[in-house]
Amino acid sequence: MVQDSKISTKSSLVKTEEMVLNMGPQHPSTHGVLRLELALEGEIITNVIPHIGYLHRCFEKHCEAMTYPQIVPYTDRMDYLAPMGNEFGYAIAMEKLLGIELPERVEYIRVIMAELQRISSHLVALGTYGADIGAFTPFLYCFRDRERILSLFEMTCGARLLYNYIWIGGLSHDLHPDFVRKSREFIKEFRPNLKEVNDLLSHNRIFIDRTANVGILPIDTAINYGVTGPNLRASGIKWDVRKEDPYSVYHKFDYEIPVGNGKYGTIGDSWDRYYVRVLEMEESCRIIEQALDQLPEGDVQSAVPKRIKPPVGHVYARVENPRGDLGYFIISDGSTSPYRVKVRAPSFVSMQILNELCKGYMVADVVTILGSIDIVLGEIDR
């Protein structure tokens, strides 16, 4: 595809050709196996076509051959940076379909795990984003703190990446006796570390110049594309499933929903999308502290069904995952396996806006914009 275009200047008529450049799927800054087909005029982007499917696991089709409990480990492998949230959403949908009432302790532990996972996921987003733009030290700081969260998960269920922890009707394990103490210690030490990352990266002049006023997402575009999560809130809309469509025990906690304010540029730019995640980590710390203070006693497996065979029907449930509104639509035919499972993946929705965000910017800005929307290809390809 080669087209001639003409650029008029005062002294001459300059002829340029459109060039097509492939970025990925091996490119480290595409955040997974993603190929971006860039149409360029010089260094200016005129069009971006994402090519997905390199990581396709056929999750939704696999579910039809699995029993309902067997699906839980498969949910981990979609957004592999936020498996606790994936399990949380699936468990809520199934419990809604089955009419299960959970022990209060289960609800509190799920919220604690989901918020620790949100911090862990955002730390990866921040660290890799800094590395994308050329700041390597913050990457090490972020991963240092993430390792502590993964150690808390390992202490609880024995795994560091894929957990199979949140079961339909309960949890696979109760908390380790040292979990509450170690979680409090982590929160106490994490706050000054977060300030350190801000000093190194968030308010760094070079980082600001690379991200402010780049990849601006207007409110109307975000709404029309169905964007959710930090990418939507960075454009100034205070929408969060935890507040707007409350689930579990989130209504019992006091916390804020951060939104973009255009501190260094325009509301909804790449810097805002980055910084909303920084602010969300502080709010997650507040939620975790409150949940630890209020944590009730109880048996975390008392409501787990011995055999799961829901009635004929369908259900939809959603949770606020680190990347946005994650939804599960499940159709039951009355057997021990689902008839259909459909997932609304927030990364898949966010991928749609890439072309809108990149047009008119330079090739070097593609990495900045792509990193700012924080996608996970396992969730996109499913």
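Whenever I open this one, the sheet that holds strand β9 (residues 338-344) confuses me. Can you help?
Sheet strands line up and pair through hydrogen bonds in the backbone, either parallel or antiparallel. Pairing in this open sheet of three strands is antiparallel, and the strands run β7-β8-β9 from one edge to the other. Only two strands of the sheet have a single partner each, and these edge strands are β7 (313-321) and β9. Adjacent strand axes in the sheet meet at a mean angle of 15 degrees when their direction is disregarded. Examined bridge by bridge, strand β8 (residues 324-332) and β9 share six bridges and lie antiparallel to one another. Along β9, the bridge assignment pairs Phe329 with Lys342. Of the strands in this sheet, β8 and β9 are in contact with helix α2 (residues 68-76), which crosses β8 at around 155 degrees. Most of the contacts of helix α3 (residues 83-98) go to β7, to which it runs at about 150 degrees, and overall it touches β7 and β8.

Sorry if this is basic, but what is going on with the packing of helix α6 (residues 179-202) against helix α11 (residues 270-294) here?
When two helices pack together, their arrangement is given by the angle between their axes and by how far apart the axes lie. One can describe the packing of α6 onto α11 by two numbers: an axis separation of 10 Å at closest approach and a directional angle of 160 degrees. Relative to α11, the element α6 is oriented roughly antiparallel. When the axes of α6 and α11 are compared, the crossing they make is left-handed. Seen from α6, the contacting residues are Val180, Ser183, Arg184, Ile187, Phe190, Arg191, Leu194, Val197, Asn198, Leu201 and Ser202; seen from α11, they are Trp271, Tyr274, Tyr275, Val278, Met281, Glu282, Cys285, Arg286, Ile288, Glu289, Leu292 and Asp293. Its residues placed into classes, the contact of α6 with α11 shows 14 nonpolar, three polar and six charged.

Help me understand the packing of aromatic side chains in this model?
Each aromatic ring pair is summarised here by two numbers: the centre-to-centre distance and the angle between the ring planes. Within this structure, the stated rule accounts for 14 aromatic pairs. On the numbers, 4.9 Å between centres and 65 degrees between planes, the contact of Phe207 with Tyr274 is edge-to-face. Here Phe207 is found in helix α7 (residues 205-211), whereas its partner Tyr274 is found in helix α11, with 67 residues between them in sequence. Of the two residues examined, Phe207 and Tyr274, each falls in the buried class. Their ring planes at 20 degrees and their centres at 4.6 Å tell us that Trp271 and Tyr275 sit as a pair that is stacked. Taken as a pair, Trp271 and Tyr275 lie in helix α11 at a separation of four residues, close to a single helical turn. For Tyr275, a relative accessible area of 16% translates into the label buried.

Would you mind going over the pattern of salt bridges with me for this structure?
Within this structure, the stated rule accounts for 32 salt bridges. The salt bridge partner of Asp178 is Arg181, with a shortest N-O separation of 3.7 Å. The shortest N-O distance in the salt bridge between Asp254 and Arg286 comes to 3.0 Å. Here Arg286 lies in helix α11 and Asp254 lies in the loop between α10 (241-244) and α11, a separation of 32 residues in the sequence. The class for Asp254 is partly exposed, based on a relative accessible area of 45%. Among the charged side chains, a salt-bridge network with shared partners connects Glu115, Arg118, Arg233, Asp240, Arg242, Glu280 and Glu320.

Is there a simple way to think about the pairing of strand β4 (residues 44-51) in this case?
Here is the key point about a regular strand: its side chains alternate between the two faces of the sheet. As paired strands, strand β3 (residues 35-41) and β4 are joined by seven bridges and run antiparallel to one another. Bridging from a neighbouring strand, Leu40 pairs with Ile45 of β4.

Looking at this model, I keep getting lost on the environment of Tyr255. Mind explaining?
Inspection of the secondary structure assignment puts Tyr255 in the loop between α10 and α11. What Tyr255 contacts, discounting residues up to four positions off in sequence, is Arg242, Lys243, Tyr250, Glu283, Arg286 and Ile287.

Please explain unusual backbone geometry as it appears in this structure.
Outside of glycine, negative phi angles account for most residues, and trans bonds account for most peptide bonds. Positive phi, normally seen in glycine, also occurs at Asn164, with a value near 50 degrees. Position of Asn164 among the secondary structure elements: in the loop between α5 (137-157) and β5 (166-167). Using a relative accessible area of 28% as the deciding quantity, one classes Asn164 as partly exposed. Notably, Ser248 is not glycine yet its phi reads approximately 50 degrees, a positive angle.

Is there a simple way to think about the pairing of β7 in this case?
Bridge analysis of β7 against β8 gives nine bridges, and the strand direction is antiparallel. Looking at the pairing, Asn321 lines up with Gly324 of β8. In textbook terms, the turn of a hairpin is the stretch between consecutive antiparallel strands, and for β7 and β8 this stretch comprises two residues.

Got a minute to help me understand the packing of helix α4 (residues 104-133) against α5 in this structure?
Put simply, α4 and α5 touch, their axes get as near as 8 Å, and they point 155 degrees apart. If you check the angle between α4 and α5, you find them roughly antiparallel. Two packed elements cross with a definite hand, and for α4 against α5 that hand is left-handed. Within the contact between the two elements, α4 uses Met113, Leu116, Gln117, Ile119, Ser120, Leu123, Val124, Leu126, Gly127, Thr128 and Ala131 and α5 uses Pro138, Phe139, Cys142, Phe143, Asp145, Arg146, Ile149, Leu150, Leu152, Phe153 and Thr156. The class makeup of the residues in the contact of α4 with α5 is 15 nonpolar, five polar and two charged.

Just to check I follow, could you spell out empty space enclosed by the protein for this structure?
Once rolled over the atoms, a probe with the size of a water molecule shows which space is left empty. Evaluated as defined, the whole model comprises three cavities of 30 Å³ or more. Empty space within the largest cavity amounts to approximately 60 Å³. Residue lining of the largest cavity: Gly85, Phe88, Ala114, Gln117, Arg118, Tyr247, Val319, Glu320, Asn321 and Pro322, and that is the complete set. Only α3, α4 and β7 provide two or more residues apiece to the lining of the largest cavity. Counted by class, the lining of the largest cavity contains five nonpolar, three polar and two charged residues.

Parameters and conventions
- Sequence order as written defines the numbering, with residues in each chain counted from 1.
- With pLDDT at 70 or above as the cut-off, local features in this predicted model cover only qualifying residues; side-chain atom pairs require 80 or more to be listed or tallied, and sums for whole chains, interfaces and linings still use all residues.
- Only hydrogens and water are set aside; all other atoms, that is, all heavy atoms of the structure, feed into the side-chain values.
- A pair of strands counts as paired when DSSP detects no fewer than two bridges linking them.
- Every helix listed is a DSSP run of H or I at least four residues long, and every strand listed is a run of E at least two residues long, numbered separately from the N terminus.
- A fitted line through C-alpha atoms serves as each axis, taken over the contacting stretch for helices, and the angle formed by two N-to-C directions is quoted from 0 to 180°.
- Note on definitions: a residue-residue contact is assigned when non-hydrogen atoms from the two residues lie within 4.5 Å.
- Angles below 35 degrees are treated as roughly parallel, those above 145 as roughly antiparallel, those between 65 and 115 as roughly perpendicular, and all remaining angles as oblique.
- Here is the rule for handedness: rotate from the far helix to the near one, and if that takes an anticlockwise turn smaller than a right angle the crossing is left-handed, while a clockwise turn gives right-handed.
- Polar here means any residue other than Ala, Val, Leu, Ile, Met, Phe, Trp, Tyr, Cys and Pro, which are nonpolar, and Asp, Glu, Lys and Arg, which are charged; Gly is therefore polar.
- Each aromatic pair joins two rings of Phe, Tyr and Trp (for Trp, the six-membered one) with centres within 6.5 Å, and gets the label stacked for planes under 30 degrees apart, edge-to-face for over 60, and tilted for any other angle.
- Note on classification: 1.4 Å probe, protein chains only; a residue is buried when its accessible area is under 20% of the maximum for its type, exposed when over 50%, partly exposed between these limits.
- Whenever Lys or Arg places a side-chain nitrogen within 4 Å of a carboxyl oxygen from Asp or Glu, that contact is recorded as a salt bridge.
- Both site types are read off a 1 Å grid over the protein atoms alone. A 1.4 Å probe that fits but cannot get out defines a cavity, while an open set with protein on both sides within 12 Å along at least five of seven lines defines a pocket; lining residues have an atom within 4 Å of a point.
- Grid points are joined across faces, edges and corners, and a volume is the space filled by probe spheres set on the points.

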